[in-house]
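Structural features, examined
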Amino acid sequence: MMRTSTFLLLGASALLAAMPALLSAGLLNAAVQMLIAALFASAYGLLAGRAGMLSFGHAAYFGVGAFATVHAMNALNGAGLLPTPLLPLVGAGAGLAFGVVAGWFATQRSGTAFAMITLAIAELLHALAPQLKSLFGGESGISAMRMPAWGLSFGSTTQVYYLTLAWVLASLALLHFHTRTPAGRLTLGLRENAHRLRFLGYDVHRLGVSAFAISGLFSGIAGALQVLANEAANYVVFDAHVSASVVLNSYIGGVGVFLGPALGAALMSFFGYAVSDATQAWLLYQGVLFVIVMMFMPEGLVGLGATARHRVRVLGPARALPLLAAGMLAVLLLAGGTVFLVELLQRLCSQDYRALAATAGAWPPVTMFGRSWAAASAATWAWPAGLLLTGGALMAFARTRLLAREAQR
Amino acid sequence: MDTLLFGLLNGLIYGLLLFMVSAGLTLIFGMMGVLNFAHASFYMLGAYFAYTLQHALGFGPAVVAGALLAGGVGAVVERFFLRRVHHHGHAHELLLTFGLSFIVAETIKLVFGNFPVDYRVPPRLDGPAFAIGAQQYPLYRLLMGGVALLMFVLLYLLLTRTRVGIIVRSAIHKPRMVEALGHNVQLVFTGVFAVGAALAGLAGAVAGAFYTTSPNMAVETGVLVFVVVVVGGLGSLGGAMLASLLIGVMTSLAVSVDRSLADLFALVGAGAWADSVGGLLTLKLSSLAATLPFALMLIVLLLRPQGLLGEKN
């Protein structure tokens, strides 16, 4: 088992290292964003998954790391002890420092109140940032230049990619190492039973702050990497949707497994990049996916593989595989029907279309998926209805059969 | 003097509106232990429902219908979403409502567009109520305060003077015991959730016409409402009232204060130094009004972690 996972890890790293040779410049930029999102989500996963503390304001630590880095870039100009490749250390330091302060406040309470405090701290920064122009640059933000260092110019996307990759892999390795240390084990204990830890003589508040601060540290590195990639920072990094997307991504991936949040974030930001031109409703799909994951697969997407393997092992491949395939087909049909419906509604509700319909006095056809659809015709609406009904029926069938066969055992 | 009086009145009425939203939130929390992240979404839904229906029904009935529809959505959320994940624990429920609030906001953007809609106070209510000196006070503000007050009186009477109120209060305290006595506690949960959502929807339908109705209103109000319930003490209705009024008055008075910390330092002769430091020290209090509730929350958490009227946990 150990050997396969090491093998997989090496393979994945080699694939990541070969990316610049395989991808175009645009896709490589997207890959940089995916790596940064993956690191941010992993830092979040440490707090939410391992320590069991739900933070709704993680954009604050990301943003603090980003702004500290952009100021360091401008102040040092790549000279002195901090050449460009080491700049994420500034983000790490700032994230850590802010994490200690904010964590000290937030971990006074646990559970729901904790979540609200993190939210309020992030909103405090979000409301304050536009006012403090000298620190956060106002509307236009602050820009900086990546200075050449160590014989590298950092002018090309490829070099930025390798810089990001090195930092992300090193950070993930450190985060993984943290799970093996006594402190990391105690973090897990914090989630499972804080009372017991207190009885055993541990300082629970200090443990909470340490988990919070370490999460802040790696969030700060992610923020710093984003500044290095964009050569600019703007106060929109404090926006609520940055905090929201890291929560959604991490839980869609699954916070119970170390790489779950990272995979979820990489997947989501890849889809976000791939479909952002094709649809305006991407955030809606992300929200719907999140709610479905929360309702039906609390382990996240990484839990799916394990569930499927378990079913195959219990029932035998011949009996389980056809039903699993039917379930997958049902998911595709349901997803197709939902996308059809959302895209159709989005087009029918758009301002342009409403103006058009008002002047024409009728429902003009809409263009979607490369062809024209009559808005008022039953045939158009039969498509999503048919897809959803077939998918739903197939899903119900596969589910009941699977459960029935499992019950027979 | 006029400014102070008007600011105070504005703050009180804004506080009452905040309480209308936070009352449901804190009741639901006290009862089910769930902090409903989507609560402010019901506030937004109320406003949008009323906006959509006002042409067909007229303003008054549209407000009532908006509140009822928001309550209906609340009942659906409790019955078909929250109850299904209840066995996964409170954190899971919080996350689910977080996802739902996301979906509501995105759906609203999809249907109504990502900009404020033209939801206005009807002309016959859009006049001055009274004037002090040269300044006139809008009638609609008083009306909002009146609606909020009326709701509290009704809610209070319902909770303290009726049989349903007794069952609800005991279900908050000891749900198992109430169930053992033969009451349908699940139904009580759904009912309280729906009533809380309807209250938030009513606040949204009433306030949306006066302030702006936009897809961001849920997030903006939501964050304030969370501050209210944490400052007041989670689950405490009286605390929510106190904190709502405090935050309402504080923010609305701060808007009219044109002073900064540097002026404070000037009193002890360090004004020039503070001016030279700049940054936070020279920011006017009026521009910091939006950050005051969060600062208040951090101070309260520091001095009294359980909230102003909360029980120690």
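Everything that follows concerns the structure shown earlier in this document.
Our subject in this report is the structure included herewith. None of these values were measured; they are calculated from a predicted model. (Residues numbered from 1 in each chain as written. Chains lettered and ligands numbered in written order. Predicted model: local features only at pLDDT ≥ 70, side-chain atom pairs only at ≥ 80, totals over all residues.)

**Examining the overall build of chain A**
Here is the rule: The helix count covers DSSP runs of H or I at least four residues long, the strand count covers runs of E at least two residues long, and both are numbered beginning at the N terminus. Atoms considered for the radius of gyration are the C-alpha atoms alone. The globule rule reads 2.2 Å times the number of residues to the power 0.38. Residue burial is a threshold on neighbouring C-beta atoms within 10 Å of the residue's own C-beta, all placed from the backbone, with 20 or more meaning buried, 12 or fewer meaning exposed, and counts in between meaning partly exposed. Note that contacts rest on C-beta atoms placed from the backbone: two residues are in contact if these are within 7 Å.
Of regular secondary structure, chain A possesses 17 helices and four strands. Here chain A has a C-alpha radius of gyration of 24 Å; the compact-globule value for 409 residues is 22 Å, and the two agree. Relative to its full complement of 409 residues, chain A shows a buried share of 41%. Contacts in chain A between residues far apart in sequence, at least 24 positions, make up 76% of those at least 6 positions apart.

**Structural notes on the overall build of chain B**
Assigned secondary structure in chain B consists of 13 helices and two strands. For chain B, the C-alpha radius of gyration of 21 Å lies close to 20 Å, the compact-globule estimate for 313 residues. Structurally, chain B occupies a C-alpha span of about 70 × 50 × 40 Å along its principal axes. A total of 313 residues make up chain B; the buried ones form 46% of that total. The long-range share in chain B, meaning contacts at least 24 apart out of those at least 6 apart in sequence, stands at 74%.

**A closer look at the interface of chain A and chain B**
As a reminder, the rule being used: Residue polarity is assigned by list, with Asp, Glu, Lys and Arg as charged and Ala, Val, Leu, Ile, Met, Phe, Trp, Tyr, Cys and Pro as nonpolar; anything else, Gly included, falls into the polar class.
Counting residues at the interface gives 38 residues for chain A, matched by 41 residues for chain B. Of all the secondary structure elements, the ones that give two or more residues to the side of chain A that touches chain B are helix H5 (111–128), helix H6 (133–136), helix H11 (240–253), helix H13 (282–296) and helix H15 (317–349) of chain A. It is H5 of chain A that provides the largest number of residues to the side of chain A that touches chain B, a total of 12 residues. Classifying every residue of the side of chain A that touches chain B by side-chain character gives 28 nonpolar, eight polar and two charged.

**Examining the nonpolar core**
Under the convention used in this document: Think of a nonpolar core as buried Ala, Val, Leu, Ile, Met, Phe, Trp, Tyr and Cys residues chained together by C-beta atoms that fall within 7 Å.
The biggest cluster of nonpolar side chains holds 195 residues, and the ones touching the most others in it are Phe 40 of chain A together with Met 20 and Val 227 of chain B. With near-sequence residues (within four places) excluded, Phe 40 of chain A lies in contact with Phe 62, Ser 219, Ala 222, Val 246 and Ala 265 of chain A. Counting residues in each nonpolar core, the second largest holds six residues, with Leu 283, Leu 284, Tyr 285 and Val 342 of chain A among its members.

**Thoughts on unusual backbone geometry**
Residues and elements named next belong to chain A. With a phi close to 55°, Glu 231 is a non-glycine residue in the positive phi region. Examined against the element boundaries, Glu 231 turns out to sit in the loop between helix H10 (204–230) and strand S2 (232–233). By the C-beta count within 10 Å, which is 14 here, Glu 231 ends up partly exposed.

**Here's the deal with H11 of chain A**
All names here are of chain A. Our working rule: What a helix is expected to span follows from its residue count: subtract one and scale by 1.5 Å.
The terminal C-alpha atoms of H11, which comprises 14 residues, lie 20 Å apart, in line with the 20 Å expected from a rise of 1.5 Å per residue. In terms of burial, H11 is a largely internal element, 12 of the 14 residues being buried. Buried residues of H11: Val 242, Ser 243, Ala 244, Ser 245, Val 246, Val 247, Leu 248, Asn 249, Ser 250, Tyr 251, Ile 252 and Gly 253, and no others. Within two residues after H11, Gly 254 carries a phi angle of roughly 115°, on the positive side.

**Remarks on the packing of helix H2 (residues 39–57) of chain B against helix H8 (residues 185–210) of chain B**
All names here are of chain B. Here is the rule we go by: In this analysis an axis means a line fitted to C-alpha atoms, helices contributing only their contacting stretch, and an angle means the value between N-to-C directions, from 0 to 180 degrees. Note that the term roughly parallel is reserved for angles under 35 degrees, roughly antiparallel for angles over 145, roughly perpendicular for angles of 65 to 115, and oblique for everything else. Each crossing is labelled by how the near helix is turned from the far one, with a counterclockwise turn of less than a right angle marking it left-handed and a clockwise turn marking it right-handed.
Direction vectors running N to C along H2 and H8 enclose 50°, while the axes themselves pass 6 Å from each other. Considering their axes alone, H2 and H8 lie oblique with respect to each other. By crossing handedness, the relation of H2 to H8 is classed as right-handed. For the pair H2 and H8, the contacting residues are His 39, Phe 42, Tyr 43, Met 44, Leu 45, Gly 46, Ala 47, Phe 49, Ala 50 and Tyr 51 in the first and Ala 197, Ala 200, Gly 201, Leu 202, Ala 203, Gly 204, Ala 205 and Gly 208 in the second. Class assignment for the residues of the contact of H2 with H8 results in 13 nonpolar, five polar and no charged.

**Quick notes on the environment of Val 229 of chain B**
All names here are of chain B. For Val 229, the location among the structural elements is in helix H9 (residues 217–232). Residue Val 229 is classed as buried on the basis of its 29 C-beta neighbours within 10 Å. Linking Val 229 and Phe 49, residues 180 residues apart in sequence, is a C-alpha distance of 26 Å. Contact partners of Val 229, with chain neighbours within four places excluded, come to Ser 22, Leu 25, Thr 26, Phe 29, Leu 234 and Ala 240.

**Some thoughts on the environment of Gly 165 of chain B**
Residues and elements named next belong to chain B. Position of Gly 165 among the secondary structure elements: in helix H6 (residues 163–173). C-beta crowding within 10 Å serves as the criterion here: with 15 such atoms nearby, Gly 165 is assigned to the partly exposed category. Taking C-alpha positions, Gly 165 is 9.1 Å from Leu 155, a pair spaced 10 residues apart along the chain. Sequence-distant contacts of Gly 165, defined by excluding residues within four places in its chain, comprise Leu 158, Leu 159 and Thr 160.

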